[in-house]
Amino acid sequence: MKLLVVDDSSTMRRIIKNTLARLGYIDVLEGGDGLEGWAALDANPDVEMLITDWNMPEMNGLELVKKVRADARFKDLPIIMVTTEGGKAEVITALKAGVNNYIVKPFTPQVLKEKLAAVMGVSE
Ligand SMILES: [Mg+2]
């Protein structure tokens with residue numbers, strides 16, 4: 001299963017990738033902002049999960065989510081937003097844009113594991 005992790009923090013990308021690796025997901029693409037994320041997804045439409053930050057330069061995560069959802073290839077792609085924007089209004093905005101689940105930083109590996117399972121529709 002191929003995943004795409006988009007975050008402007010290389011440290012955060014590494015943390016997420018390490019967590020994913022521990023869960024058995026090793027086929028992980030990366031993007032440093034929304035534009036890079038979109039380019040990676042456009043070139044790899046077989047990606048089965050998008051994990052994206054919100055606050056990023058060039059194109060932010062919310063814009064990325066809207067762009068992804070506007071493309072018929074990705075209308076059902078599971079998307080998890082990982083962000084410091086933990087307010088209720090932000091969460092609602094992200095969900096309305098098409099995010100399937102939401103993780104507020106900082107998070108534990110267990111939280112990422114649970115959200116992944118929830119989005120993929122499997123019980124642990
Ligand atoms: Mg950021």
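Before reading further, recall that the structure is shown in the block above.
Residues numbered from 1 in each chain as written. Predicted model: local features only at pLDDT ≥ 70, side-chain atom pairs only at ≥ 80, totals over all residues.

A. Spatial organisation of the packing of helix α3 (residues 61–69) against helix α4 (residues 88–97). At a closest axis distance of 9 Å, the pairing of α3 and α4 adopts a crossing angle of 20 degrees. In this view, α3 runs roughly parallel relative to α4, as classed from their interaxial angle. Contact residues: Leu62, Val65, Lys66 and Arg69 in α3; Thr93, Ala94 and Ala97 in α4. (Axes fitted to C-alpha atoms, helices over the stretch in contact; angles between N-to-C directions. Helix = DSSP H or I, 4+ residues; strand = E, 2+ residues; numbered from the N terminus. Parallel < 35°, antiparallel > 145°, perpendicular 65-115°, else oblique. Contact = placed C-beta atoms within 7 Å.)

B. Focus on unusual backbone geometry. Omega for the peptide link from Lys105 to Pro106 comes to -5 degrees, which places this bond in the cis form. With respect to the element layout, Pro106 can be found in the loop between β5 (101–104) and α5 (109–120). You will see that Glu58, though not glycine, has its phi angle at about 65 degrees, which is positive. With respect to the secondary-structure elements, Glu58 resides in the loop between β3 (49–52) and α3.

C. Here's a closer look at α3. Those residues of α3 that fall on the buried side of the exposure criterion are Gly61, Leu62, Leu64, Val65 and Val68. Projected down its long axis, α3 carries its buried residues within an arc of 160 degrees, all on one side. Where α3 is buried, its residues meet β1 (2–6), α2 (34–43), β3, β4 (79–83) and α4. (Buried ≥ 20, exposed ≤ 12 C-beta atoms within 10 Å, placed from the backbone. Arc of directions from axis to C-beta.)

D. Geometry of the sheet that holds strand β2 (residues 27–31). Across the sheet, which stays open at both edges, the five strands sit in the order β2-β1-β3-β4-β5 with parallel pairing between neighbours. The strands lining the two open edges of the sheet, one partner per strand, are β2 and β5. On average, adjacent strands in this sheet sit at an angle of 20 degrees to one another, irrespective of strand direction. In this structure, β4 lies alongside β5, joined through four bridges in parallel fashion. Within the sheet, the bridge partner assigned to Val82 lies in β5 and is Ile103. Strands in contact with α2 are β1, β2 and β3; relative to β1, the strand with the most contacts, it is inclined by about 165 degrees. (Pairing = 2+ DSSP bridges.)

E. Just the pairing of β3, in detail. Both faces of β3 are covered, namely the face carrying Met49 and Ile51 and the face carrying Leu50 and Thr52. Alignment of β1 against β3, held across four bridges, turns out to be parallel. In the sheet register, Val5 faces β3, and the bridge partner there is Ile51. By the bridge criterion, three bridges tie β3 to β4 in an arrangement that is parallel. Each bridged residue has a counterpart across the sheet, and for Thr52 the counterpart in β4 is Met81. Since β3 and β4 lie parallel, the crossover through α3 that links them has a hand, and here it is right-handed. (Right-handed = clockwise from strand over helix to strand, strands pointing away.)

Note that every value here comes from positions in space, so none of it alone points to a role or purpose.
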